[in-house]
Amino acid sequence: MHSSRVCRALVLLYLIAFAHPALAQEGDRALGETVFRKCLACHRIDTPDNLTGPNLQHIIGRPAGAVKEYKYSPAMQAKAAEGWIWTEDNLKAYLAEPQHVVPGTKMAFPGLKKPEELSNLIAFLKTK
């Protein structure tokens with residue numbers, strides 16, 4: 001009986017230690033929509049229109065430089081030539097430090113520094 005309780009306690013500790021960070025990384029779609037307001041000056045997501053930046057419809061899984069009607073910087077064109085894909089990880093890295101990830105990008109945004117903002121924004125982008 002005692003070993004059963006110990007086993008359950010260990011399982012519970014494991015779940016707390018390892019499941020909780022995974023849940024935190026999922027992000028909140030509604031909060032991500034709020035974070036996306038920072039992007040609205042240059043990007044659209046509900047229409048195929050391009051502004052200063054390309055539209056971000058269906059960005060997750062899309063190759064870099066794939067919006068045909070948009071003129072990308074030579075730096076982003078080089079990423080596209082490398083076959084770079086906008087995965088969740090690539091987006092998180094780029095949105096945290098655009099100039100570091102793609103030196104010479106036209107995106108002047110300094111980046112999102114809070115991990116929860118990045119996770120929330122990615123959760124929102126996944127729905128569009």
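All chains use their own residue numbering, which begins from 1 and follows the written sequence. Only residues with pLDDT of 70 or above have their local features reported here, since the model is predicted, and side-chain atom pairs are shown and tallied only from 80 upward, although totals for entire chains, interfaces and linings are computed over all residues. Hydrogens are left out, water is left out, and the side-chain values use all remaining heavy atoms of the structure.

Trainee: Got a minute to help me understand the overall build of the protein in this structure?
Mentor: In DSSP terms, a helix is any run of H or I states spanning at least four residues, a strand is any run of E spanning at least two, and both are numbered starting from the N terminus. For the protein, the helix and strand inventory stands at six helices and zero strands. In sequence order, the secondary structure elements of the protein are arranged as α-α-α-α-α-α. Any pair of residues with heavy atoms lying within 4.5 Å of one another is described as a contacting pair. Considering only residue pairs separated by 6 or more positions, the protein has 45% of its internal contacts joining residues 24 or more positions apart. When the accessible area of the protein is evaluated, it comes to approximately 8200 Å², of which 62% is carbon and sulfur surface. Residue burial considers only the protein chains on display, and all accessible areas are found by Shrake-Rupley using a 1.4 Å probe.

Trainee: For this particular structure, what's the right way to read the packing of helix α2 (residues 29–36) against helix α6 (residues 115–125)?
Mentor: A pair of packed helices is characterised by two quantities: the angle between their axes and the separation of those axes. Angles shown run from 0 to 180 degrees and are taken between the N-to-C directions of axes, each axis being a line fitted to C-alpha atoms and, for helices, limited to the stretch in contact. Contact geometry of α2 with α6 gives a least axis separation of 7 Å together with a crossing angle of 100°. Comparing the axis directions of α2 and α6 gives the class roughly perpendicular. Of the residues in α6, those in contact with Arg29, Leu31, Gly32, Glu33, Val35 and Phe36 of α2 are Glu117, Asn120, Leu121, Ala123, Phe124 and Leu125. Under this grouping Gly is polar, as are all residues other than the nonpolar Ala, Val, Leu, Ile, Met, Phe, Trp, Tyr, Cys and Pro and the charged Asp, Glu, Lys and Arg. The class makeup of the residues in the contact of α2 with α6 is seven nonpolar, two polar and three charged. Any angle from 65 to 115 degrees is called roughly perpendicular, while one under 35 is roughly parallel, one over 145 is roughly antiparallel, and all others are oblique.

Trainee: Looking at this model, I keep getting lost on helix α3 (residues 74–81). Mind explaining?
Mentor: An α-helical segment advances 3.6 residues per turn. Residues three or four places apart therefore align on the same side. Every buried residue belonging to α3 is among Ala75, Met76 and Lys79, and all of these are buried. Seen from one end, α3 has its buried residues packed into an arc of 95°, which puts them on one side. Summarising the geometry of α3, the exposed residues directed more than 90 degrees from the buried face are Pro74 and Ala81. As for α3, its buried residues are in contact with α4 (88–96) and α5 (98–101). Two residues or fewer past α3, Gly83 is found with a positive phi of approximately 85°. Residue burial is assigned from relative accessible area. The probe radius is 1.4 Å, only protein chains are included, and a residue is buried under 20% of its type maximum, exposed over 50%, and partly exposed in between. Here the arc refers to the set of directions running from the helix axis out to each C-beta atom.

Spatial relationships are all this shows, so hold off on functional conclusions.
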